[in-house]
Amino acid sequence: MLSAMKLSKKEISILIEIIFSILFAFIFMPFFYKNQETQFALSDLASKIIEILIFVIIYFSITYTLLEIYHKNKMVEDERNGMINSKSYKVGYLLYELSLFIFIGLLINSPINYNGGVIFYILLLTLIVSLIKSIYQFYLHRIF
């Protein structure tokens, strides 16, 4: 269905962010889910952070290079983009506030391991909020 639609450079850029969030969820979140009940060794956490950084650098380098090769024109910033960014970041901000209350409620009401569990829930809530914000931003670009 996406191949039938003509996507702008900005829309493809947003799709790159959405795909990254999904890949991050499938590749790295199982590690944090599996280890949420245990204490992380500093070396394990450091190696996982290095893996994540390498993945982020390689993923965004390749995808944005391909985007620039495929779409050589510059992204035009106009009032519409400002309005879309404002709306999507407002939704993202509200979701971050909501996730903060959810996180505090989880800390108060459940025996979360304060090492692995905290890291897992912070990453999970951040991933969900980022994904929803990007999907909403893509939606706004498609309807306006």
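Treat the numbers as computed from the prediction; the structure is a model and nothing was measured. (Residues numbered from 1 in each chain as written. Predicted model: local features only at pLDDT ≥ 70, side-chain atom pairs only at ≥ 80, totals over all residues. Heavy atoms only, no water.)

Draft legend 1. Highlighting the confidence of the model for the chain. Per-chain confidence: the chain averages 88 in pLDDT, with 94% of residues scoring 70 or above. Considering each helix and strand of the chain separately, the mean pLDDT is smallest for helix α4 (residues 79-109), with a value of 89, and largest for helix α1 (residues 9-27), with 95. (pLDDT = per-residue confidence, 0-100. Helix = DSSP H or I, 4+ residues; strand = E, 2+ residues; numbered from the N terminus.)

Draft legend 2. Broad picture of the packing of α1 against helix α5 (residues 116-143). Two numbers describe how α1 lies on α5: the axes approach to 9 Å, and their chain directions differ by 155°. Relative to α5, the element α1 lies roughly antiparallel. Read as a crossing pair, α1 and α5 show a hand that is left-handed. From α1, Lys10, Glu11, Ile14, Leu15, Glu17, Ile18, Ser21, Ile22, Phe24 and Ala25 reach across to α5, where they touch Leu123, Leu127, Ser130, Leu131, Lys133, Ser134, Ile135, Gln137, Phe138, His141 and Arg142. Counted by class, the contact of α1 with α5 contains eleven nonpolar, five polar and five charged residues. (Axes fitted to C-alpha atoms, helices over the stretch in contact; angles between N-to-C directions. Parallel < 35°, antiparallel > 145°, perpendicular 65-115°, else oblique. Left-handed = near helix turned anticlockwise from the far one by under 90°. Contact = heavy atoms within 4.5 Å. Nonpolar A, V, L, I, M, F, W, Y, C, P; charged D, E, K, R; others polar.)

Draft legend 3. Quick peek at the packing of aromatic side chains. By the definition in use, this model includes 13 aromatic pairs. Summarising the aromatic geometry, the rings of Phe24 and Phe28 are spaced 5.3 Å apart at their centres and angled 45° between planes, so their arrangement reads as tilted. The exposure class of Phe24 is buried, given its relative accessible area of 8%. Taking relative accessible area as the criterion, Phe28 reaches 4% and is therefore assigned buried. Through pairs of rings, three or more aromatic residues link up here, namely Phe20, Phe24, Phe28, Phe55, Tyr59, Phe60 and Tyr64. Its guanidinium or amino end placed over the ring of Phe31, Lys48 lies 4.4 Å from that ring's centre, counting from NZ or CZ. Between the NZ or CZ atom of Lys133 and the centre of the ring of Tyr89, over which it lies, the distance is 4.4 Å. (Phe/Tyr/Trp six-rings, centres within 6.5 Å; stacked < 30°, edge-to-face > 60°. Buried < 20%, exposed > 50% of the residue type's maximum accessible area, 1.4 Å probe, protein only. Lys NZ or Arg CZ within 6 Å of the ring centre and 35° of its normal.)

Draft legend 4. Region of the structure containing the pattern of salt bridges. Evaluation of the coordinates by the stated rule reveals three salt bridges. The closest approach of N and O atoms between Glu68 and Lys9, which form a salt bridge, is 3.0 Å. One end of the pair, Glu68, is in helix α3 (residues 42-70); the other, Lys9, is in helix α1, with 59 residues separating them in the sequence. Glu51 is paired through a salt bridge with Lys48; the nearest N and O atoms lie 3.1 Å apart. Taken together, the residues span about one helical turn, with Glu51 and Lys48 both in helix α3 at a distance of three residues. A residue is classified by how much of its surface remains accessible, and Lys48, at 12% relative accessible area, is buried. (Salt bridge = Lys/Arg side-chain N within 4 Å of Asp/Glu carboxyl O.)

Draft legend 5. Up close: the side chain of His141. With respect to the helices and strands, His141 occurs in helix α5. For His141, the residues in contact, after removing those within four places along its chain, are Lys10, Glu11, Ile14, Arg80, Asn81 and Ile84.

Draft legend 6. Structural detail: the nonpolar core. Within the largest apolar cluster, 15 residues are counted, with the highest numbers of intra-cluster contacts made by Phe24 and Phe32. Within the residue set of this core, elements represented by two or more residues are α1, α2 (29-34), α3 and α5. The greatest single-element share of this core, amounting to five residues, is contributed by α3. When neighbours within four sequence positions are excluded, Phe24 is seen to be in contact with Met29, Ile52, Leu123 and Leu127. Membership of the second largest hydrophobic core comes to five residues, among which are Ile14, Leu15, Ile18 and Phe138. (Core = buried A, V, L, I, M, F, W, Y, C linked by side-chain atoms within 4.5 Å.)

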